[in-house]
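# Fold and contact review
Given next are the chains, with one letter for each unit.
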2 protein chains.
Amino acid sequence: MQNILFDFISRYVDLNEDEKNALIELDIFKSFKKGTVLLEQGQKSSDGYFVLEGCLRTYYVIDGEEKTTAFYTELEGITPHCVLTKEPSEYYVTCVEDCILSVANPDMEVEIFTKFPKFEKMCMVLSEELLVKQQIDFDAFKTSSPEQRYLNLLEKRPDLIQRVPQHQLASFLGITPQSLSRLRARLQKKR
Amino acid sequence: MQNILFDFISRYVDLNEDEKNALIELDIFKSFKKGTVLLEQGQKSSDGYFVLEGCLRTYYVIDGEEKTTAFYTELEGITPHCVLTKEPSEYYVTCVEDCILSVANPDMEVEIFTKFPKFEKMCMVLSEELLVKQQIDFDAFKTSSPEQRYLNLLEKRPDLIQRVPQHQLASFLGITPQSLSRLRARLQKKR
DNA sequence: TTCATTTCTTAACTTAAGTTAACTTCTTAC
DNA sequence: GTAAGAAGTTAACTTAAGTTAAGAAATGAA
């Protein structure tokens, strides 16, 4: 299981055996059952997650309705805002599927960054990449209609459409489940 | 003019006179006329901008239509994607107003980071803050209607509504200029 | 397996956004 | 100051999303 993580890291920095062992000793690999709530609205936390296997979902509860805003799948990481702001979380984080995650908190980061500064460099590159990716996603969302967003999702993350319930996808696309259902029927008819 | 920048920086790190002088010597303060195009779609660039005075706008041209995706005002910075990806830019960057900007490229960053490592730390904190802010903005956009987005903008960035043309605000809100006009008329009637 | 719950779909109706076009108002360059 | 172009508003019409509700399908727990 570590290998998935090491392969990912090796895209950014080379690890020697010492470094690999240091990571393993942190004992950061954890399994979670589908449906597990990792973080609740209103709760404080200092844990970040990196997905080795499975799928995480973030959602708000607004007027009693779940509003899904993001999914995180293999090789994607999430640092909830509340980890950075130290305020209670505005949203939930849950497992859409059974998950294997690497869980880390800032203390562990400090420890590993001190021992192996190259990890800090890697994190900088990662967060830079993330910022670009997110801005582009936001731009694409703003400049497209719900139908275009759905088609774009089909193209860019077809796996999500298979593994995630429709009503969660719907709010991720910024529409209601009924609208998504209709939209799909409309597209089906077209072809 | 430097003082605006120094005051901003002092929120994050303390600067001594040497460091201030080093910054001034980089000669990064530039003035631009309203309407100036700083970056064109399809063009490569390595310049990032920090707004000391004025307002920048990023927009795509899709099917011959301008789609505005972001505004940057006092004390906000923008590093166009193409600076990081080294690919031609997907969007334009222009001055909505006369601007005083601090312009920096990666070479200058390397130079200043080498001399004064504390700047690197500051940039990490800044980009972390930015990532959080952007994620929250995206979440708010996804989970609201055009009307709610407009009301939210009125509350959070009332200055933008004054200083930016409506048709640019409209696509920033993800709607057409006509819809924004109607939406405003609708709200006016309500009160 | 069965029963309860959740999810998905469909439909009818309401509301608002997109589109096209005409007209007014505002800018700005000459 | 005037004329040309850009920006903003309004209206009529089209399209699609929100809402409410009902029923079908799928899921999961006992």
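Below is a short write-up of the structure. Only a predicted model underlies this, so the values are computations on that prediction, with no experimental measurement involved.

## Considering the side chain of threonine 69 of chain A
For threonine 69 of chain A, the position within the fold is in strand β5 (residues 65-72). Classification of threonine 69 of chain A by relative accessible area gives buried; the value is 2%. Setting aside residues no more than four positions away along its own chain, threonine 69 of chain A makes contact with Thr58, Tyr59, Tyr60 and Phe172 of chain A together with Asp139, Lys142 and Thr143 of chain B.

## Some details on the protein's contact with DNA strand D
In the vicinity of DNA strand D lie 15 residues, with Ser179 and Arg182 of chain A together with Gln166, His167 and Ser181 of chain B positioned nearest. When atoms of DNA strand D within 4 Å of the protein are split into backbone and base, the sugar-phosphate part holds 61%. At a separation of 2.8 Å, a phosphate oxygen of DNA strand D approaches a polar backbone atom of glutamine 166 of chain B. Among the secondary structure elements, those contributing two or more residues to the surface near DNA strand D are α9 (177-190) of chain A together with α8 (166-172) and α9 (177-190) of chain B. Among the elements that take part in the surface near DNA strand D, α9 of chain A stands out by supplying four residues, more than any other. Here the surface near DNA strand D is built from residues that sort into three nonpolar, eight polar and four charged.

## Comments concerning unusual backbone geometry
Negative phi values dominate among residues other than glycine, just as trans dominates among peptide bonds. All names here are of chain B. Positive phi outside glycine occurs at leucine 75, with the angle close to 70°. With respect to the helices and strands, leucine 75 occurs in the loop between β5 (65-72) and β6 (77-78). You can call leucine 75 partly exposed: its relative accessible area is 26%.

## Some remarks on the sheet that holds strand β2 (residues 37-39) of chain B
Residue and element names in this part refer to chain B. Taken in spatial order, the four strands line up as β2-β7-β4-β5 in an open sheet, and their pairing is antiparallel. With one partner strand each, in any of the chains shown, β2 and β5 form the two edges of the open sheet. Shown here is a sheet whose adjacent strand axes are inclined to one another by a mean of 35°, direction ignored.

About the criteria used
- Residues numbered from 1 in each chain as written.
- Chains lettered and ligands numbered in written order.
- Predicted model: local features only at pLDDT ≥ 70, side-chain atom pairs only at ≥ 80, totals over all residues.
- Heavy atoms only, no water.
- Helix = DSSP H or I, 4+ residues; strand = E, 2+ residues; numbered from the N terminus.
- Buried < 20%, exposed > 50% of the residue type's maximum accessible area, 1.4 Å probe, protein only.
- Contact = heavy atoms within 4.5 Å.
- Near = heavy atom within 4 Å.
- Polar contact = N/O pair within 3.5 Å; in protein donor to acceptor, adjacent residues only side chain to side chain.
- Nonpolar A, V, L, I, M, F, W, Y, C, P; charged D, E, K, R; others polar.
- Pairing = 2+ DSSP bridges.
- Axes fitted to C-alpha atoms, helices over the stretch in contact; angles between N-to-C directions.

The analysis is restricted to geometry; functional conclusions fall outside its scope.
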